[in-house]
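Observations on the model geometry
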Amino acid sequence: MITVFSGGTGTPKLLQGLKRVVDNEKLAVIVNTGEDTWVGDLYLSPDVDTVLYTLADLINEETWYGVKGDTFYTHEQLKNLGFDEVLRIGDKDRALKMHKTYYLRRGYKLSEVVDMEREALGIKAKVIPMTDDRVETKILAKVGDKVDLLKFHDFWVKRRGEVEVLDVIYENSLYAKPCEKAVEAIKNSNLIIIGPSNPITSIGPILSLSGIKELLKDKKVIVVSPIVGNSAVSGPAGKLMRAKGYDVSVKGIYEFYKDVVDVLVIDNTDKEIAKEIPCEVLITNTIMKTLDDKVRLAKNIVEFCGSL
Ligand code: GDP
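Description of the structure in this document. Bear in mind the structure is a predicted one, so any value in this text is a computation, not a measurement. Note that residues are indexed from 1 along each chain, following the sequence as it is written. Owing to the predicted nature of the model, reporting of local features is limited to residues with pLDDT of at least 70; listing and counting of side-chain atom pairs is limited to 80 or more, with chain, interface and lining totals taken over all residues. Heavy atoms from the whole structure form the basis of all side-chain values; hydrogens and water molecules are not counted.

Note on pairing: DSSP must find at least two bridges between two strands before they are called paired. For helices the rule is a DSSP run of H or I covering at least 4 residues; for strands it is a run of E covering at least 2, with both sets numbered from the N terminus onward. Read across the open sheet, the seven strands follow the order E5-E2-E1-E9-E10-E13-E14; overall the sheet is parallel. If you trace the sheet from one side to the other, it starts and ends with strand E5 (126-129) and strand E14 (280-284), each paired once. On average, each strand axis in the sheet is tilted by 20° relative to the strand beside it, whichever way the strands run. Relative to E14, strand E13 (residues 263-267) is paired through five bridges, and the arrangement is parallel. Across the sheet, Leu-264 pairs through a bridge with Val-281, a residue of E14. Sitting on the sheet, helix H1 (residues 10-18) is in contact with strand E1 (2-6), strand E2 (27-31), strand E9 (191-194) and strand E10 (221-224), with an inclination near 155° to E1. Residue contacts are counted whenever heavy atoms from the two residues lie within 4.5 Å of one another. The convention used is that axes are lines fitted to C-alpha atoms, helices contributing only their stretch in contact, and that angles between N-to-C directions extend from 0 to 180 degrees. Where helix H12 (residues 291-304) meets the sheet, its contacts fall on E1, E9, E10, E13 and E14, and the angle it forms with E14 comes to roughly 155°.

Let us now look at the pairing of E9. Side-chain positions along a regular strand alternate between the two faces of the sheet. Partly exposed residues are those whose accessible area sits between 20% and 50% of the maximum for their type, while under 20% is buried and over 50% is exposed, using a 1.4 Å probe and protein chains only. Alternating residues of E9 divide into Leu-191 and Ile-193 and Ile-192 and Ile-194, and every residue in both groups is buried. Where E1 lies against E9, four bridges are found, and the strand directions are parallel. By the bridge assignment, Val-4 is partnered in E9 with Ile-193. In terms of strand pairing, E9 meets E10 through three bridges, oriented parallel. Paired with Ile-193 across the bridge in E10 is Ile-222.

Turning next to the site of the ligand. Residues are labelled near a given molecule or strand when at least one of their non-hydrogen atoms is within 4 Å of it. Around the ligand, a shell composed of 20 residues is seen, among which Thr-9, Ser-197, Asn-198, Ser-202 and Val-233 lie nearest. Whenever a nitrogen or oxygen atom comes within 3.5 Å of another N or O atom, the pair is scored as a polar contact, on the condition that within protein one atom can donate a hydrogen and the other can accept it, and that pairs from neighbouring residues in sequence are kept only if both atoms are in side chains. Within the backbone of Ser-234, one N or O atom sits 3.4 Å away from an oxygen atom of the ligand. A distance of 2.7 Å separates a nitrogen atom of the ligand from a polar atom in the backbone of Thr-286. Here the ligand has 590 Å² of accessible area as a free molecule, and 94% of this is covered by the chains. In terms of residue count, the dominant contributor to the shell around the ligand is H1 (three residues). For the shell around the ligand, the residue count by class is seven nonpolar, 11 polar and two charged. Surface accessibility follows the Shrake-Rupley procedure with a 1.4 Å probe radius. Residue values consider only the protein chains on display as shielding. Put simply, Ala, Val, Leu, Ile, Met, Phe, Trp, Tyr, Cys and Pro go in the nonpolar bin, Asp, Glu, Lys and Arg in the charged bin, and everything else, Gly too, in the polar bin.

What follows is the structure, encoded as structure tokens:
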């Protein structure tokens, strides 16, 4: 069995490849919930929904959230009614969010609801939220001349990341437990893939849960670097790594993962610094633009680790 740790943009691209390369019944994806939030009456689990849509071949690849070709009638009508629509959520996407909200309000665990959704969408791989407890990633930032603790959504969507970041914290992660299904998946896996996701806001929250790092000690862990050259392929990973004191390079990625990583996958661009990385290194093209890129990288990874 193979378990993948995922956020909501970089790793989903790799999942598009993996789902075409490995037996999906033997694939589990543990997904970050640190960006989950309530907006109005809706529970949003952005990374979980992106992984569901990706594995169901429904994802809008322009934005990496929402359903491709979705309509926005509900959003428009709510706006016409004067409702404060903070987010532009598509109709089908809203249905999934309403489904989650309905069951969460009736006492179901997030992992139970996601499992229902996975099945209804015809997904064979397991999709597991990292925890059923609330862990919230917050950004300590200088906003004007004040220091404020921002929700991730506030930082990235509302303020477009244009604030000075002082620190990133995972609120409540000391008390949160990983989902039992996540623990089981790791235990049953002979390979763990940490996809090219933001280490600070997507993978860090998963690793912060009690017992996860210990479980990874006996496992073969391969990490795909989301940093190519001296910047992230997309999103705020560079800025947040810098704020946490890491070099924005594959060396910084190694430092971040040094307690758990066995193999680091780096891009051809960075081949000169491979010898400075003190673990096994796989050098390849890690930029995933086409489906071919994704399938090739996925194949490369599982072949390299002897899991194909
Ligand atoms: P989020 O939840 O939307 O922040 O998404 P993730 O954390 O899953 O992914 C964001 C990270 O994916 C960024 O740090 C990017 O650098 C990385 N990323 C996106 N596309 C690619 C790609 O094609 N190749 C690699 N190596 N990294 C990528």
